[in-house]
Amino acid sequence: MEECISIFDMLKIGVGPSSSHTLGPWRAAERFLSELKTENILQNVTQIKVDLYGSLSLTGKGHATDLAVMLGLSGQDPEYIPVQNIDGIIKKIEAKNEINLGNEIIIPFYFLQDIVFNKNFLPFHANGLTFTAFLLDDNEYQTTFYSIGGGFVVKEERVNAKKKHQIKCAFPYPIQNAQELLDYCTTQNRKISEVVYDNEKSMRSEAEIHNELMRIWNTMLECMYIGCHSEGILPGGLNVRRRAFDMHQGLIGLANYSNPQEWLEEIRKTEVKFRQILKWVSCFALAVNEVNAALGRVVTAPTNGSAGVIPAVLMYYLTIENHEAGEKEIKQFLMVAGEIGSIFKKGSTISAAMGGCQAEIGVSSAMAAAALCEVMGGTPDQVQMAAEIAMEHHLGLTCDPIGGLVQIPCIERNTMGAIKAINAAELAMETDAKNAKVPLDKVVDTMWKTAQDMNSKYKETSEGGLAIAVNMADC
């Protein structure tokens, strides 16, 4: 039985601003509740304590880790919670000093003392958190989780954080690296998306795959729509002004539409000049990550901090490259992107706390480049070349968010990742794959080695780079 990662593990719907620091801890809290129920001790809990370690502690406030933990303990689901309800739920917990644990039992909860920020790192992974439940009989129940990037959560006893937490399955085409994927495409004479589709059909019906892929795309589209139509200042104290709104107004001018689908068609009708292409792509990416920074709903692709790259590149394809493209091409794009992301997760990491921003923006750019290359007619060799080119030019990118917020330089980096993805796809399309010098697997391996060599202060700690060169007062 092979261990496999579904594309739906790589493309998740959740709440911002961070997959590893918000979505992961939120999911960890849900799993903790599940364990309490399995042990039949939920009703006996009198108090909960949560210890955050390493990067979760150092940048937890800026990433809303404490809020995510409280929402998870309250029994809220990040995929479906109305985002407008988040503020009210948190304020109620803080005002009453109590939490409705699992939405079943109300216990005292003092968030300033019951969530502890420990700056020391646990040896297993940079993103550790421990839950302790105190029980009526004076016993305790304690468990530790690790948020390893992209919303993936593993238990302490896992042997290898960067390669575990994969769904047990029996794919007809089990894929652990890029060469295996390419071999299947060659022997079966199929596109990457077709191989991926057959793998997914071993787990879900065709209708389920269609519906879920379109739900992911519609969430991306809605996120871009909201971001392009929201103005003001982002929360967190940096006083970062939303830019997508003004950029969008300048690009679309006077237009008549009332929903995301009509908006998409309106953009397709817009005459786009060469210089405006860069602006449109940047606008789409900015929009997503401004929504993400404001605790909005995004698609983790493969992380929240890099959530703007793939939607921006897919939107570029739909509005500029191919106005006739529809659901078929959207699904094809997302399947290729998800598979390339899984290869990076298996062979390296998608956690900035482990590998710096190359693990987020770099991977998302590679995913988008590969997907764009296939829908533009690229061969499987060219698709992998596109991913390799995109990552090659992100190697060594550090993660040093100012104030621990997913805003500076994170939001702008999504625009850069999207533009590089388009450039990488174009370069691959114009290249004979036989002349490729660096296989995708080599760049995946190099990325992991670079991550291991990178100084820890440049791995989402706010202790190096821009984070210390620029303080909150400067902003």
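Structure shown above.
Residues numbered from 1 in each chain as written. Predicted model: local features only at pLDDT ≥ 70, side-chain atom pairs only at ≥ 80, totals over all residues. Heavy atoms only, no water.

J.: Can you help me understand the overall build of the protein in this one?
T.: The number of helices and strands found in the protein is 20 helices and 11 strands. Relative to the 2.2 N^0.38 estimate, which gives 23 Å for 475 residues, the radius of gyration of the protein is 22 Å and therefore close to what a compact globule would have. Taken over the C-alpha atoms alone, the protein extends approximately 70 × 55 × 45 Å along its principal axes. Buried positions account for 58% of the 475 residues belonging to the protein. Sequence separation of 24 or more characterises 77% of the internal contacts of the protein that already satisfy a separation of 6 or more. With an accessible surface of roughly 18,700 Å², the protein has 48% of that area assigned to carbon and sulfur atoms. Each charge sign in the protein was given a centre, from 42 positive and 57 negative side chains, and these centres are 2 Å apart. (Helix = DSSP H or I, 4+ residues; strand = E, 2+ residues; numbered from the N terminus. Rg over C-alpha atoms; globule rule 2.2 N^0.38 Å. Buried < 20%, exposed > 50% of the residue type's maximum accessible area, 1.4 Å probe, protein only. Contact = heavy atoms within 4.5 Å. Areas by Shrake-Rupley, 256 points an atom, 1.4 Å probe, with all protein chains shown as cover. Lys, Arg positive; Asp, Glu negative; His and termini not counted. Charge placed at Lys NZ, Arg CZ, Asp CG, Glu CD.)

J.: Can you help me understand helix H19 (residues 440-453) in this one?
T.: Since the α-helix turns once every 3.6 residues, residues separated by three or four places project in the same direction. A rise of 1.5 Å per residue sets the reference length of H19, with its 14 residues, at 20 Å; its end C-alpha atoms lie 20 Å apart and thus fit the reference within 8%. The elements touched by buried residues of H19 are helix H7 (178-188), helix H14 (327-347), helix H15 (352-355), helix H16 (361-375) and helix H17 (380-392). (Expected span 1.5 Å × (residues − 1).)

J.: Hey, could you run me through the state of the cysteines in this one?
T.: A covalent bond between the sulfur atoms of two cysteines is what we call a disulfide. Under the definition given, this model contains zero disulfides. In this structure Cys399 is not part of a disulfide, and its nearest cysteine sulfur, from Cys357, lies 5.6 Å away. Judged by its relative accessible area of 8%, Cys399 is buried. We note that Cys410 lacks a disulfide partner, and the nearest cysteine sulfur, in Cys399, lies 6.0 Å from it. (Disulfide = S-S within 2.5 Å.)

J.: Would you mind showing me how to read the environment of Pro380 here?
T.: Within the secondary structure, Pro380 is located in helix H17. Along the sequence, Pro380 and Arg27 sit 353 residues apart, while their C-alpha atoms lie 35 Å from each other. In this structure, Pro380 is in contact with Leu182, Cys185, Arg190, Lys191 and Ile192, ignoring residues within four places of it in sequence.

J.: Could you clarify how one ought to interpret the packing of helix H11 (residues 260-269) against helix H13 (residues 309-321) in this entry?
T.: Pairs of packed helices are described in terms of their axes, by the angle between the two and the distance that separates them. At a closest axis distance of 8 Å, the pairing of H11 and H13 adopts a crossing angle of 55 degrees. When the axis of H11 is compared with that of H13, the two are oblique. Contacts from Trp263, Leu264, Ile267 and Arg268 in H11 reach Met315, Leu318 and Thr319 in H13. The residue inventory of the contact of H11 with H13, partitioned by class, reads five nonpolar, one polar and one charged. (Axes fitted to C-alpha atoms, helices over the stretch in contact; angles between N-to-C directions. Parallel < 35°, antiparallel > 145°, perpendicular 65-115°, else oblique. Nonpolar A, V, L, I, M, F, W, Y, C, P; charged D, E, K, R; others polar.)

J.: What should I look at first to understand the side chain of Thr415 in this one?
T.: For Thr415, the location among the structural elements is in helix H18 (residues 410-429). A relative accessible area of 9% means that Thr415 is categorised as buried. Here the side chain of Thr415 touches Glu412 through a polar contact of 2.6 Å, landing on its backbone oxygen. Thr415 has contacts with Ser282, Ala285 and Leu286, leaving out every residue within four places of it along the chain. (Polar contact = N/O pair within 3.5 Å; in protein donor to acceptor, adjacent residues only side chain to side chain.)

J.: What's the story with helix H10 (residues 244-252) in this structure? I'm lost.
T.: Regarding H10, the residues found buried are Ala244, Phe245, His248, Leu251 and Ile252. Down the axis, H10 shows its buried residues gathered within 135 degrees of arc, on one side only. Those residues of H10 hidden inside the fold are in contact with helix H9 (206-228), H11 and helix H12 (274-293). At the C-terminal side of H10, Gly253 shows a positive phi close to 65 degrees. (Arc of directions from axis to C-beta.)

Any link to function would need more than the numbers given here.
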